[in-house]
Amino acid sequence: MTILHLAGVVENHGRSVLVGVRLPFRESVSVRVACACKADPCATHLFCKFNGLRTTACHRCVKIGIIDTGANSLHEDLQGASLQGSNFIGGQSETFADDKIGHGTFVAGVIAAQPNNGKGIVGIAPDVELYIYRGYDGKLPPILAAIDQAIADGCQIINFSLGATEAALKESYSVLQQGIQKVQDAGILAVAAVGNGRPNATATLYPAGFAGVLGVGSVNENLERSSFSQTNSSVFVVAPGEK
């Protein structure tokens, strides 16, 4: 039975992961492009308004874990990005790159799509090291296994673009809470989508609703809350979430 649902990326080209977050850098580096809007066709809309963030959000020494549906390492806008990972669902021959849904690939692109290639968008932090954990199948055990691997790999940030209400989680609520606590005890920042209005806009989804998790909501190009984005105390920061 599916208890966790994907969130943070929506059908209308959602852009709601990690934008507006200052990453915990040990040192500063320059971004390769001041504004990639001229070179990357789909970056000419909302993201150009957030280019100033890229001056502090790009660092090869930062490891970001993405626990999701995987990420297609052959995607044209991820060529040149630093990707590695592990697989926790599907058959033994499958890898983290076998993203059969596309959700995790989208998340990876929002974070690390490459600039100045004339394709797609530009990620908010194209020089980070991405650790892709293919662990989403609607159930909790693969996600917990992915959390353990992300900690072992030394990730400094783990992104969860997924969630469920406490009622949907039932007895798994405390298990997920313990998993997130393990992340925090390791000194890792947990970032989670607050949700896309499921089951309603005021419902709190977890892990975004847990204490210490940085919950990300969605705004439109006028910096107004997206109609589908959750509105509750789990929202810590908002980011571009619709075209």
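Data block above holds the structure.
Because the structure is predicted, anything quoted here is derived from the model rather than measured.

Let's talk about the side chain of Ser161
As for its placement among the helices and strands, Ser161 is situated in the loop between strand S5 (157-160) and strand S6 (162-163). Among the polar contacts listed, one links the side chain of Ser161 to the side chain of Asn159, at a separation of 3.1 Å.

Section: the nonpolar core
Counting residues in each nonpolar core, the largest one holds 28 residues, and the members touching the most others are Leu4, Ile67, Ile143, Ile158 and Phe160. Contributing elements (two or more residues each) for this core: strand S4 (129-134), helix H2 (141-152), S5, helix H4 (172-185) and strand S7 (189-193). Beyond its immediate stretch of four places on either side in the chain, Ile143 contacts Leu4, Ile67, Gly135, Phe160 and Leu162. Within the second largest apolar cluster, 23 residues are counted, among which are Phe96, Val107, Ala125 and Ile157.

As for the environment of Asn222
Relative to the helices and strands, Asn222 is located in the loop between strand S8 (214-219) and strand S9 (237-240). Residue class for Asn222 comes out exposed when judged on its relative accessible area of 54%. For Asn222 and Pro240, which are 18 residues apart along the polypeptide, the C-alpha to C-alpha distance reads 9.7 Å.

Topic: the pattern of salt bridges
Enumeration over the complete set of coordinates arrives at four salt bridges. For Lys100, the salt bridge goes to Glu94, with nearest N and O atoms at 2.9 Å. When the shortest N-O distance is used, the salt bridge between Glu94 and Arg134 registers 2.7 Å. Residue Glu94 is found in the loop between strand S3 (82-87) and helix H1 (103-112), and its partner Arg134 is found in strand S4; the two are separated by 40 residues along the sequence. Pair check on accessibility: Glu94 and Arg134 agree, each one buried.

Considerations on the sheet that holds S5
Spatial ordering of the open sheet is given by S3-S4-S2-S5-S7-S8-S9, a layout of seven strands whose pairing is parallel. The open sheet has two free edges, formed respectively by S3 and S9, since each of these has just one partner strand. In this sheet, neighbouring strand axes are inclined to one another by 25° on average, regardless of whether the strands run parallel or antiparallel. Bridging between strand S2 (residues 63-68) and S4 involves six bridges; their strand directions are parallel. Bridge pairing in S4 places Asp68 opposite Arg134.

Some details on the pairing of S4
Most of S4 is tucked away, with six of its six residues classed as buried. Neither face of S4 is left uncovered, since the one carrying Glu129, Tyr131 and Tyr133 and the one carrying Leu130, Ile132 and Arg134 both have all their residues buried. The pairing of S3 with S4 spans six bridges and is parallel. Within the sheet, the bridge partner assigned to Gln84 lies in S4 and is Tyr131. Considered for its hand, the β-α-β crossover made up of S3, H1 and S4 is left-handed.

Looking at the packing of aromatic side chains
What the rule picks out here adds up to three aromatic pairs. Measuring from centroid to centroid gives 5.3 Å for Tyr173 and Phe210, while their planes differ by 55°, and the two rings are tilted. With a gap of 37 residues between them, Tyr173 in helix H4 and Phe210 in the loop between S7 and S8 connect regions that are remote in the sequence. Note on Tyr173: relative accessible area 16%, which makes it buried. Under the relative-accessibility criterion, Phe210 is labelled buried at 6%. Measuring from centroid to centroid gives 4.8 Å for Tyr206 and Phe210, while their planes differ by 45°, and the two rings are tilted. The exposure classification of Tyr206 matches that of Phe210, with both residues buried.

Scoring rules and cut-offs
- Residues numbered from 1 in each chain as written.
- Predicted model: local features only at pLDDT ≥ 70, side-chain atom pairs only at ≥ 80, totals over all residues.
- Heavy atoms only, no water.
- Helix = DSSP H or I, 4+ residues; strand = E, 2+ residues; numbered from the N terminus.
- Polar contact = N/O pair within 3.5 Å; in protein donor to acceptor, adjacent residues only side chain to side chain.
- Core = buried A, V, L, I, M, F, W, Y, C linked by side-chain atoms within 4.5 Å.
- Buried < 20%, exposed > 50% of the residue type's maximum accessible area, 1.4 Å probe, protein only.
- Contact = heavy atoms within 4.5 Å.
- Salt bridge = Lys/Arg side-chain N within 4 Å of Asp/Glu carboxyl O.
- Pairing = 2+ DSSP bridges.
- Axes fitted to C-alpha atoms, helices over the stretch in contact; angles between N-to-C directions.
- Right-handed = clockwise from strand over helix to strand, strands pointing away.
- Phe/Tyr/Trp six-rings, centres within 6.5 Å; stacked < 30°, edge-to-face > 60°.

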